[in-house]
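If you want the building blocks of each chain, they are given just below.
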Amino acid sequence: IFAVAPNTTFMIAANSCENLFGIPAVNGFLYPEIVNPMTDTMYLMKNFWHINNSGTLNSLANNAFENASLPEGYTYSPTAFNEAATQAKIDAGLAYYASYKTEIDTDSPQLQLTQESLNVTVNAIPDQEYTGKVLTPAPVVSASGTTLTAGTDYTVAYYANIYPGTAKVTITGKGNYSGFKSASFNVTVDDGWLKHADGKYRYYVKNVAKTGWVKDKNAWYYLGADRIMKTGWQKVGTKWYYLDAKNGDMKTGWTKVGGKYYYLNATNGDMATGWKKVGTKWYYLGANGDMKTGWLKDGGKWYYLGSASDGAMKTGTVKIGAKNYTFNKSGVWVK
């Protein structure tokens, strides 16, 4: 609620400390309260209201105010007068008692009320093109047809106002105004890659940073839940993929990583394991995807997969060291 503030200020303590903040009244004038944290009580002068965490507005006035008009959507709940030490003030109509509890929610300024609510409007803020810098377009704020003045009647705070997406604006009353209004504007950018200040790349489509697989110029890239382009080995679902360590594009075919060879399927880039036929040759890739070489025992049978620079399964008669070995057409060593 954005509204005209009364001429006087009512301060109330939060919890059991002296952290004070302004809470305006709904009816009548405003007077300061007296807080005694040692006895867990507070003495509240007449003619104001108390808002609890659930948003219920509690009258702290005596019977003369029990039938006072409440704002729409609020209910009345009288507070018991059970402090004998204040009874004289209460009887004299000078003060009202309430247990000193954490009923005021200091983090919810939208619960603040004042004597007179206004029809406050904020004109739509035009889209702003991404520049890499903080964007602070000035909102136009009016109250009942009168244009208000920034710095005098209100202050403006901006959030998420650098990168593409929806930037948030909070307009807070000042001087003769209190409460706040929220607004927003769009930060726009052309579709494609954008490098953020953290040095990481995001891919934007219609001003939204994408997640998951994205195809750009015939190459595939993977963007995590954090919307950042991934590099290196990435597990997506149950499959592993290798994304270029620098450019992030998904690799296919034979790829050497950390001195070892891996085969990444040509159709979808997922890492192959076990026996794999590439062209006319067979290879064996371990559980971690690395290409095996030399002698291999699989299913109780022996195979020979060549040298470290080869890895292809051998058939026929092959000289290994100083001896000849014979392998059948399936690559199984027979003698």
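Procedures and definitions
Think of each chain on its own: its residues are numbered from 1, step by step along the sequence as written. Reporting in this predicted model follows two pLDDT cut-offs: at least 70 for local features of residues, and 80 or more for side-chain atom pairs to be given and counted; totals over whole chains, interfaces and linings ignore these cut-offs and use all residues. Note: side-chain values were computed over all heavy atoms of the structure, leaving out hydrogens and water. Strands are runs of DSSP state E lasting at least two residues, helices are runs of H or I lasting at least four, and both sets are numbered from the N terminus onward. By this definition, two strands are paired if DSSP reports at least two bridges between them. Salt bridges are counted wherever a side-chain nitrogen of Lys or Arg sits within 4 Å of a carboxyl oxygen of Asp or Glu. Residue burial is assigned from relative accessible area. The probe radius is 1.4 Å, only protein chains are included, and a residue is buried under 20% of its type maximum, exposed over 50%, and partly exposed in between.

The next thing to look at is unusual backbone geometry. Positioned with a positive phi, Ala160 is a non-glycine residue whose angle comes to about 50 degrees. Of note, Ala160 is situated in the loop between β14 (154-159) and β15 (165-173). At Asn207, a position not held by glycine, the phi torsion is positive, near 70 degrees. Take Asn207: it is sitting in the loop between β19 (201-205) and β20 (208-209).

For the rest of this paragraph, the subject is the sheet that holds β20. Overall, antiparallel pairing links the 3 strands, which are arranged β18-β19-β20 in an open sheet. Of all strands in the sheet, those with a lone pairing partner are β18 (192-195) and β20, marking the two edges. Here β19 pairs with β20 via 2 bridges, running antiparallel. When the bridges of β20 are listed, Tyr204 appears paired with Ala209.

Of the strand pairs in this sheet, strand β27 (residues 274-278) and strand β28 (residues 281-285) are connected by 5 bridges, and their pairing is antiparallel. Note on β28: the bridge partner recorded for Lys277 is Trp282. Counting the residues between successive antiparallel strands, the hairpin from β27 to β28 contains 2 residues, one of them, Gly279, with a positive phi of roughly 70 degrees.

This part covers the pattern of salt bridges. Counted under the stated rule, the structure contains 7 salt bridges. A salt bridge links Asp226 to Lys230; the nearest nitrogen and oxygen atoms lie 3.0 Å apart. The salt bridge involving Lys251 is made with Asp244; its shortest N-O contact spans 3.5 Å. Assessed through its relative accessible area of 25%, Lys251 is described here as partly exposed. The exposure class of Asp244 is buried, given its relative accessible area of 17%. Beyond isolated ion pairs, a larger network of salt bridges with shared partners links Asp244, Asp249 and Lys251.

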